[in-house]
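For reference, the chains in residue letters:
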Amino acid sequence: DAEHDDYVLSELEYYELMQEVEDELQREEALLAEEIEEFERYDQQQFEEQIADYEQWENAHHFNHLVEEMHQDECIGEGDDMSTEVLCPVCSSANLIQISADRIQCPNFRTENCSFEISCAPQTTDGVSSLQTLRERLRIIHEEHGAVCMGYMQFSTIRKDASTSRNALIAECETCQY
């Protein structure tokens, strides 16, 4: 019996031990709850990234489809009206217009936060307008980019030369760093 007396707990010691166990279980439960929250946040973030990737792909697919339609119209079109329509690559909401022999602009320029206005060479000697040339260059850019990437190309204009009002059109893709 003397050996067993060393292991006997008083009622107070028993309650203190039980309180320590309960406290440890509560800490563990709190840690598990934090891990679950962290996993749910990560899962939500992954889901949102997948949605954003899909929307980006869908936008690129839609824009590439518009470019294909424009190209088909150019091939099928019977007059110059169809072959000179060029959707604004910056805002995608209006057809570009040639406001002078050497200037192309979006009708939404400055009114709807569209920055598309560029200087260009006048009509060539073979009768190809600046709009037709721009349209063909945009088609080539989309075909080349679409052959290697399904990402969405963003177009913008930058000041080409500070001493003049000449802008340059640039295309960028976050997916492939085009």
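In this text the structure is predicted, and so the values were computed from the model without any measurement.

The rules behind these values
Residues numbered from 1 in each chain as written. Predicted model: local features only at pLDDT ≥ 70, side-chain atom pairs only at ≥ 80, totals over all residues. Heavy atoms only, no water. Helix = DSSP H or I, 4+ residues; strand = E, 2+ residues; numbered from the N terminus. Contact = heavy atoms within 4.5 Å. Areas by Shrake-Rupley, 256 points an atom, 1.4 Å probe, with all protein chains shown as cover. Disulfide = S-S within 2.5 Å. Buried < 20%, exposed > 50% of the residue type's maximum accessible area, 1.4 Å probe, protein only. pLDDT = per-residue confidence, 0-100. Phe/Tyr/Trp six-rings, centres within 6.5 Å; stacked < 30°, edge-to-face > 60°. Salt bridge = Lys/Arg side-chain N within 4 Å of Asp/Glu carboxyl O.

(A) Region of the structure containing the overall build of the chain. Across its full length, the chain holds four helices and five strands. Of the regular secondary structure in the chain, the N- to C-terminal order runs α-α-α-β-β-β-α-β-β. Put simply, of all contacts in the chain between residues at least 6 apart along the chain, 43% involve residues at least 24 apart. Of the accessible surface of the chain, which amounts to about 13,100 Å², a share of 50% is contributed by carbon and sulfur atoms.

(B) How the structure looks around the state of the cysteines. What the rule picks out here adds up to zero disulfides. We note that Cys-173 lacks a disulfide partner, and the nearest cysteine sulfur, in Cys-176, lies 3.8 Å from it. Given the relative accessible area of 3%, Cys-173 is considered buried.

(C) Spatial organisation of the confidence of the model for the chain. With 73% of its residues at a pLDDT of 70 or more, the chain has an overall mean of 78. Contacts from residues 74–82, a stretch scored under 50 in pLDDT, to residues over four places away or in other chains number eight contacts.

(D) Examining unusual backbone geometry more closely. Positioned with a positive phi, Ser-92 is a non-glycine residue whose angle comes to about 55°. You can see Ser-92 is positioned in the loop between α3 (80–83) and β1 (97–100). Ser-92 gets classed as partly exposed once you look at its relative accessible area, which sits at 28%.

(E) Representation of the packing of aromatic side chains within the structure. Throughout the structure, instances matching the rule amount to one aromatic pair. Between Tyr-14 and Tyr-15, the aromatic rings sit 5.7 Å apart at their centres with planes inclined by 70°, giving edge-to-face as the arrangement. Residue classification places Tyr-14 among the partly exposed residues on the basis of a relative accessible area of 43%.

(F) Region of interest: the pattern of salt bridges. Applying the stated rule across the entire model yields five salt bridges. Residue Arg-27 is joined to Glu-24 by a salt bridge in which the shortest nitrogen-to-oxygen separation is 2.7 Å. Here the residue Arg-27 and the residue Glu-24 both occupy positions in helix α2 (residues 11–76), the gap between them amounting to three residues, near one helical turn. Look at Glu-24 and you get partly exposed, because its relative accessible area is 39%. The residue Glu-37 makes a salt bridge to Arg-41 at a minimum N-O spacing of 3.9 Å. Placement of the pair is Glu-37 and Arg-41 together in helix α2, with a separation of four residues, close to one helical turn. One salt-bridge network, held together by shared partners, links Glu-136, Arg-139 and Glu-143.

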